[in-house]
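Coordinate analysis (summary)
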Amino acid sequence: MVNVYDHAHGLARALKECQEYRMFKEAREKLKAKPSAEKMVADFHKRQMELQAQVLQGQELTEEQKQGLERLQEVLMQDMDIRDYLLAEQRLMRLLNDVSKIISDAVDVELPIAK
């Protein structure tokens, strides 16, 4: 008989050892060494979440809101540590979303996935 929990723990170990996670962890440590950069990223994430909440509530984003977020991202990308962190975060989230989709497809269940 298959023990799903053993496989889940194996998947967790594989994720901890994968390149996407190692790169994310390294980028996160560099970012933590620069409190001002860490705060800028936190503010950027907060703004993203606010706009996503607005969309989920059925409100359309204005061009000004979209452009404002794009400009903020462009400014953040000028800092190499922030850029490396955001790109590593994006790759890790893509991997986690892919794994979640594989699992939900296998059991024919649609799970809410962050995009």
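As shown above, the structure is provided for reference.
Considering the side chain of Glu-89
Mapped onto the elements of the fold, Glu-89 is located in helix H5 (residues 80–106). Here Glu-89 is buried and forms no salt bridge, its nearest opposite-charge partner Arg-28 lying at an N-O distance of 8.9 Å. Looking at Glu-89, its side chain comes within polar contact range of the side chain of His-45, at 2.8 Å. In this view, Glu-89 contacts Phe-24 and His-45; residues no more than four positions away in its chain are not counted.

Topic: the pattern of salt bridges
Tallying each qualifying case throughout the model produces seven salt bridges. Ionic pairing is found between Lys-39 and Asp-43, a salt bridge with its closest N-O pair at 3.1 Å. Of this pair, Lys-39 and Asp-43 both sit in helix H3 (residues 35–56), four residues apart, roughly one helical turn. When its relative accessible area of 51% is taken as the criterion, Lys-39 is described as exposed. Two residues, Arg-47 and Glu-50, come together in a salt bridge whose shortest N-O distance is 3.2 Å. In this pair, Arg-47 and Glu-50 both sit in helix H3, three residues apart, roughly one turn of the helix.

A word on the side chain of Gln-54
Note on placement: Gln-54 falls in helix H3. Since its relative accessible area comes to 15%, Gln-54 is described here as buried. Other than its neighbours up to four places away in sequence, Gln-54 contacts Gln-59, Glu-60, Leu-61 and Gln-65.

Considerations on the packing of aromatic side chains
Per the stated rule, a full pass over the model turns up one aromatic pair. Residues Phe-24 and Tyr-85 carry aromatic rings whose centres are separated by 5.5 Å and whose planes lie at 40 degrees to one another, so their mutual orientation is tilted. Here Phe-24, found in helix H2 (residues 19–32), pairs with Tyr-85, found in helix H5; they are 61 residues apart in sequence, far enough to count as distant.

Parameters at a glance
- Residues numbered from 1 in each chain as written.
- Predicted model: local features only at pLDDT ≥ 70, side-chain atom pairs only at ≥ 80, totals over all residues.
- Heavy atoms only, no water.
- Helix = DSSP H or I, 4+ residues; strand = E, 2+ residues; numbered from the N terminus.
- Buried < 20%, exposed > 50% of the residue type's maximum accessible area, 1.4 Å probe, protein only.
- Lys, Arg positive; Asp, Glu negative; His and termini not counted.
- Salt bridge = Lys/Arg side-chain N within 4 Å of Asp/Glu carboxyl O.
- Polar contact = N/O pair within 3.5 Å; in protein donor to acceptor, adjacent residues only side chain to side chain.
- Contact = heavy atoms within 4.5 Å.
- Phe/Tyr/Trp six-rings, centres within 6.5 Å; stacked < 30°, edge-to-face > 60°.

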